[in-house]
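Observations on chain architecture
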Amino acid sequence: MSFLIGLTGSIGMGKSTTARLFAAEGCDIWDADAAVHRLYDVGGLAVESIATAFPDAVHEGAVSRDALKTIISNDPTALHRIEEIVHPLVTADRRAFVAKATSDIVVLDIPLLFEGGGAHDMDATVVVTAPPAVQRERVLARGAMTEAQFEMILSKQMPDAEKRKRATYIVLTDTVEHASEQVAAIVAEVRKGLENA
Ligand SMILES: CC(C)(COP(=O)(O)OP(=O)(O)OC[C@H]1O[C@@H](n2cnc3c(N)ncnc32)[C@H](O)[C@@H]1O)[C@@H](O)C(=O)NCCC(=O)NCCS
Ligand SMILES: Nc1ncnc2c1ncn2[C@@H]1O[C@H](COP(=O)(O)OP(=O)(O)OP(=O)(O)O)[C@@H](O)[C@H]1O
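Predicted model only: the values in this text are computed from it and were never measured.

Definitions and limits used
- Residues numbered from 1 in each chain as written.
- Chains lettered and ligands numbered in written order.
- Predicted model: local features only at pLDDT ≥ 70, side-chain atom pairs only at ≥ 80, totals over all residues.
- Heavy atoms only, no water.
- Near = heavy atom within 4 Å.
- Polar contact = N/O pair within 3.5 Å; in protein donor to acceptor, adjacent residues only side chain to side chain.
- Areas by Shrake-Rupley, 256 points an atom, 1.4 Å probe, with all protein chains shown as cover.
- Nonpolar A, V, L, I, M, F, W, Y, C, P; charged D, E, K, R; others polar.
- UniProt positions renumbered as here; feature names shortened; annotations may be inferred.
- Buried < 20%, exposed > 50% of the residue type's maximum accessible area, 1.4 Å probe, protein only.
- Contact = heavy atoms within 4.5 Å.
- Helix = DSSP H or I, 4+ residues; strand = E, 2+ residues; numbered from the N terminus.
- Pairing = 2+ DSSP bridges.
- Axes fitted to C-alpha atoms, helices over the stretch in contact; angles between N-to-C directions.
- Parallel < 35°, antiparallel > 145°, perpendicular 65-115°, else oblique.
- Left-handed = near helix turned anticlockwise from the far one by under 90°.

Focus on the site of ligand 1
Around ligand 1 there are 18 residues in total, and Tyr-40, Arg-65, Lys-69, Glu-83 and His-87 lie nearest to it. Lys-69 places a polar side-chain atom, nitrogen or oxygen, 2.7 Å from an oxygen atom of ligand 1. Coverage of ligand 1 by the protein chains reaches 90% of its 760 Å² of free accessible surface. Here the shell around ligand 1 is composed, by residue class, of 10 nonpolar, two polar and six charged.

This is the structure:
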């Protein structure tokens, strides 16, 4: 059984980038957002249930994220209903990945790790963080969300300060080089613990 690290952080804080740094250290990576992409794609396991709940959200056999974002913006209950469909499927995908993983450390990139209770399944947690102004600039620079959509998603997430309080490790994502050093130190510490176990 691999040592499980739950990697989290609020929107735009640098989870995906930091996950790649763990991969460079030889850790297997599983990405919850990527799992959602597979579930929404043609033939994906969430498509039928989403089509039943939100007929306008499915285009040509796949869930349209733009359509979902419009639906969520107009209906305060929609995100919760989407989560009820998606989260059990994401958990099943994660468990199947962990069961097959071969690396000594497996990193699970999960935006809602603390909000969704997934932290209890982890051996350690890593929270990525950056100042709020940097976070906002990063998310809006991607152009995938309006400011209102960003604020709405942010309001659904546990505040960064609360996440940091719960973390086993914190990674400050000010530069990639600095983040890489912090990741290398975390991996070294965990591997040392595994050797002595
Ligand atoms: C809201 C949606 C349509 C936005 O799609 P989009 O492609 O623009 O963004 P993407 O999926 O890359 O998510 C970006 C970030 O938004 C945040 N986020 C996404 N969903 C949620 C949510 N339900 N609650 C809080 N934050 C969320 C996360 O930080 C995530 O990393 C999409 O995220 C979605 O369908 N979310 C519901 C499924 C879910 O809960 N996913 C979270 C991981 S399990
Ligand atoms: N250590 C870092 N130093 C400088 N910039 C970074 C660092 N980590 C991430 N970034 C930048 O921040 C932006 C968001 O990064 P990334 O996609 O990794 O975040 P995320 O937390 O996975 O986002 P989301 O929550 O939206 O899925 C990107 O433009 C990325 O280049």
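Here the narrative resumes, following the displayed structure.
Structural notes on the UniProt feature "binding site: ATP" (unreviewed entry) in the protein chain
Residues annotated in UniProt with the feature "binding site: ATP" (unreviewed entry) correspond here to Gly-12, Met-13, Gly-14, Lys-15, Ser-16 and Thr-17. Assessed through its relative accessible area of 14%, Gly-12 is described here as buried. Those residues in contact with Gly-12 that lie beyond four places of it in its chain are Arg-138 and Val-139. With respect to the element layout, Thr-17 can be found in helix α1 (residues 15-24). Here Thr-17 falls in the partly exposed class, since its relative accessible area comes to 34%.

A look at the sheet that holds strand β6 (residues 124-129)
The strand order β2-β5-β1-β6-β7 describes an open sheet built from five strands, whose pairing is parallel. The open sheet has two edge strands, β2 (28-31) and β7 (169-172), and neither has a second partner. Going across the sheet, the axis of each strand differs from the next one's by a mean of 25 degrees, ignoring polarity. Across four bridges, β2 lies against strand β5 (residues 105-109) in parallel orientation. What sits directly across from Asp-28, in β5, is Val-106.

Topic: the site of ligand 2
In the vicinity of ligand 2 lie 15 residues, with Lys-15, Ser-16, Thr-17, Arg-138 and Arg-142 positioned nearest. At 2.7 Å, a side-chain N or O of Lys-15 approaches an oxygen atom of ligand 2. In the complex, 75% of the free accessible area of ligand 2, which totals 640 Å², lies under the protein chains. Mapped onto the shell around ligand 2, the elements with two or more residues apiece are α1, α6 (132-142) and α9 (176-196). Ranked by the residues each element gives to the shell around ligand 2, the list is headed by α1, at three residues.

Things to note about the side chain of Lys-163
Within the secondary structure, Lys-163 sits in helix α8 (residues 160-166). There is a polar contact of 3.5 Å between the side chain of Lys-163 and the side chain of Glu-115. Dropping the residues within four chain positions of it, Lys-163 is found in contact with Thr-8, Gly-9, Ser-10, Pro-111, Phe-114, Glu-115, Val-127, Gln-157 and Met-158.

Looking at the packing of helix α2 (residues 32-40) against helix α5 (residues 78-100)
For the pair α2 and α5, the least separation of the axes is 10 Å and the interaxial angle reads 110 degrees. By the angle between their directions, the pair α2 and α5 is classed as roughly perpendicular. When you trace α2 past α5, the crossing you get is right-handed. In this structure, α2 contributes Ala-32, Ala-35, Val-36, Arg-38, Leu-39 and Tyr-40 to the contact, and α5 contributes Ile-82, Val-86, Leu-89, Val-90 and Asp-93. Here the residues of the contact of α2 with α5 sort into nine nonpolar, no polar and two charged.

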